Amino acid sequence: LISVPGGYHFLVDGGEARGYTEEIKPYLLEQGIRRLDLVVVTHPHEDHLGGVVRLLEDRQIQVEQVLTSGIAHTTNLYRRFLELLLEREIPLLEGVAGTTLRLGPVDGVVLHPPSGYLQGVDSALNNNSLVFLLRFGGIRLLLTGDTERAGEAVMVKSYGEALRANLLKVAHHGSDTSTGEDWLELVAPEIAVISVGAGNQFGHPSPEILSRLAARGTAVYRTDQDGHLTVYLKNSRLGRYSKIIVEREVNKE
């Protein structure tokens with residue numbers, strides 16, 4: 001969930017269905033949020049789309065518009081997602097490289113997938129995840145979905161040092177299929193956030209990726225160990241650089 005000055009709120013993915021019921025809805029209600037200006041679905045796998053479908057079915061939170069990469073899926077869940085958008089007359093936007101975003105003082109740009117999508121790659125849904133860069137003051141936030149090495153390689157070639165970001169949402173829950181050396185060298189994040197379930201069957205996050213981040217001196221926060229993470233951006237007096245403050249749920253207890 002990203003909240004910005006002016007009362008704008010947008011949600012990036014929704015976890016599995018129970019993610020909405022157990023985590024997202026209670027948090028939104030607790031914060032007094034009844035309206036989401038934008039919901040982003042980075043790709044249509046169940047562990048990203050399921051909670052969004054429950055959000056749309058629940059009808060307790062108003063959704064103004066939905067942004068996806070346009071990559072379709074063959075599952076009943078994806079079909080239900082499209083049906084709900086039609087039923088509720090919610091605009092569906094397709095974002096590919098170059099699509100711009102603006103919510104109050106925050107602007108952003110979609111970096112991936114390319115307009116023709118990546119063809120002939122493993123994990124096509126992952127590698128065509130919607131990746132976007134958000135900018136606020138002097139801070140750059142890079143959100144990556146489940147993009148794997150093939151998708152990263154395209155962005156490395158296309159953007160080079162323009163990939164640099166202060167905060168990186170590590171792709172694919174810290175899997176070793178993502179976060180390659182070349183990619184990380186260009187992004188050069190100060191802070192990395194890994195969204196990952198405790199004791200998951202896949203062994204995420206990968207020790208290799210954790211070592212790679214540690215070698216760069218990147219501060220790593222992971223939801224399986226740190227619980228809910230709240231990131232605050234604070235403007236400096238000059239208004240050019242915003243300090244990033246990360247608050248861990250475990251620190252509150």
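As a reminder, the structure under discussion sits directly above these lines.
Residues numbered from 1 in each chain as written. Predicted model: local features only at pLDDT ≥ 70, side-chain atom pairs only at ≥ 80, totals over all residues. Heavy atoms only, no water.

## As for empty space enclosed by the protein
Inference 1: One pass over the full model with this rule turns up 1 cavity of 30 Å³ or more.
Inference 2: The space that makes up the largest cavity amounts to roughly 40 Å³.
Inference 3: Around the largest cavity, the lining residues are Val41, Thr42, His43, Pro44, Thr68, Ser69, Ile71, Tyr78 and Phe81.
Inference 4: When its residues are assigned to classes, the lining of the largest cavity shows 5 nonpolar, 4 polar and no charged. (1 Å grid on protein atoms, 1.4 Å probe; cavity = no way out; pocket = protein on both sides within 12 Å on 5 of 7 lines; lining within 4 Å. Points joined across faces, edges and corners; volume = space filled by probe spheres on them. Nonpolar A, V, L, I, M, F, W, Y, C, P; charged D, E, K, R; others polar.)

## Quick notes on helix α5 (residues 149-159)
Inference 1: Residues Gly151, Glu152 and Met155 constitute the buried set of α5. Mapping the buried residues of α5 onto a view down its axis gives an arc of 100 degrees, with all of them on the same face.
Inference 2: Looking at the packing, one finds that the buried side of α5 touches β9 (106-112), α4 (124-127), β10 (131-136) and α6 (181-187). (Buried < 20%, exposed > 50% of the residue type's maximum accessible area, 1.4 Å probe, protein only. Helix = DSSP H or I, 4+ residues; strand = E, 2+ residues; numbered from the N terminus. Arc of directions from axis to C-beta. Contact = heavy atoms within 4.5 Å.)

## Quick word on the nonpolar core
Here is a general trend for soluble globular proteins: nonpolar side chains tend to be buried in one another's company.
Inference 1: Core analysis: the largest hydrophobic core is formed by 23 residues, its most contacted members being Phe10, Val40, Phe132, Leu134 and Ile191.
Inference 2: Elements with a minimum of two residues in this core: β1 (2-4), β4 (38-41), β8 (100-103), β9, β10, β11 (139-143), β13 (191-194) and β16 (242-248).
Inference 3: Of all hydrophobic cores here, the second largest spans 21 residues; its members include Leu36, Val52, Leu55 and Leu84. (Core = buried A, V, L, I, M, F, W, Y, C linked by side-chain atoms within 4.5 Å.)

## Focus: the packing of helix α2 (residues 46-58) against helix α3 (residues 76-88)
Between two packed helices, the angle of one axis relative to the other and the distance separating the axes together describe the packing.
Inference 1: Orientation of α2 relative to α3, taken along the N-to-C sense of each, is 30 degrees, at an axis distance of 10 Å. Accordingly, the angle class assigned to the pair α2 and α3 is roughly parallel. For α2 against α3, the interelement crossing comes out left-handed. Contacts from Glu46, Leu49, Gly50, Val52, Val53, Leu55, Leu56 and Glu57 in α2 reach Leu77, Tyr78, Arg80, Phe81, Leu84, Leu85 and Arg88 in α3.
Inference 2: A class-by-class count of the residues in the contact of α2 with α3 yields 10 nonpolar, 1 polar and 4 charged. (Axes fitted to C-alpha atoms, helices over the stretch in contact; angles between N-to-C directions. Parallel < 35°, antiparallel > 145°, perpendicular 65-115°, else oblique. Left-handed = near helix turned anticlockwise from the far one by under 90°.)

## Details of the packing of aromatic side chains
Inference 1: The final tally for this structure, using the stated rule, is 1 aromatic pair.
Inference 2: Residues tyrosine 78 and phenylalanine 81 carry aromatic rings whose centres are separated by 5.9 Å and whose planes lie at 40 degrees to one another, so their mutual orientation is tilted. Taken together, the residues tyrosine 78 and phenylalanine 81, both in helix α3 and 3 residues apart, mark about one turn of the helix. You'll find tyrosine 78 and phenylalanine 81 in the same group, each marked buried. (Phe/Tyr/Trp six-rings, centres within 6.5 Å; stacked < 30°, edge-to-face > 60°.)

## What to know about the pairing of β8
Inference 1: Across the two faces of β8 the burial differs, with Leu101 and Leu103 buried and Thr100 and Arg102 not buried at all.
Inference 2: Relative to β9, β8 runs antiparallel, the two sharing 4 bridges. Across the sheet, the residue bridging to arginine 102 is aspartate 107, located in β9. (Pairing = 2+ DSSP bridges.)

## As for the sheet that holds strand β2 (residues 8-12)
Strand pairing within a sheet occurs via backbone hydrogen bonds; the two strands may be parallel or antiparallel.
Inference 1: Pairing in this open sheet of 5 strands is mixed, and the strands run β1-β2-β4-β6-β7 from one edge to the other. The outermost strands of the open sheet, each flanked by one partner alone, are β1 and β7 (92-94). Geometrically, the sheet is characterised by an average inter-axis angle of 20 degrees between neighbouring strands, direction not taken into account.
Inference 2: Bridge count between β2 and β4: 3 bridges; the pairing is parallel. Of the residues in β4, the one forming a bridge with phenylalanine 10 is leucine 38.
Inference 3: In the packing of α3 onto the sheet, contacts are made with β4, β6 (66-68) and β7, and the angle to β6 comes to roughly 145 degrees.

## Description of the sheet that holds strand β14 (residues 219-222)
Inference 1: Strand order in this open sheet of 7 strands is β8-β9-β10-β11-β12-β13-β14, and the pairing throughout is mixed. Of all strands in the sheet, those with a lone pairing partner are β8 and β14, marking the two edges. Across this sheet, the average inter-strand angle for adjacent strands is 20 degrees, counted without regard to direction.
Inference 2: The strands touched by α5 are β9 and β10; relative to β9, the strand with the most contacts, the crossing angle is about 115 degrees.

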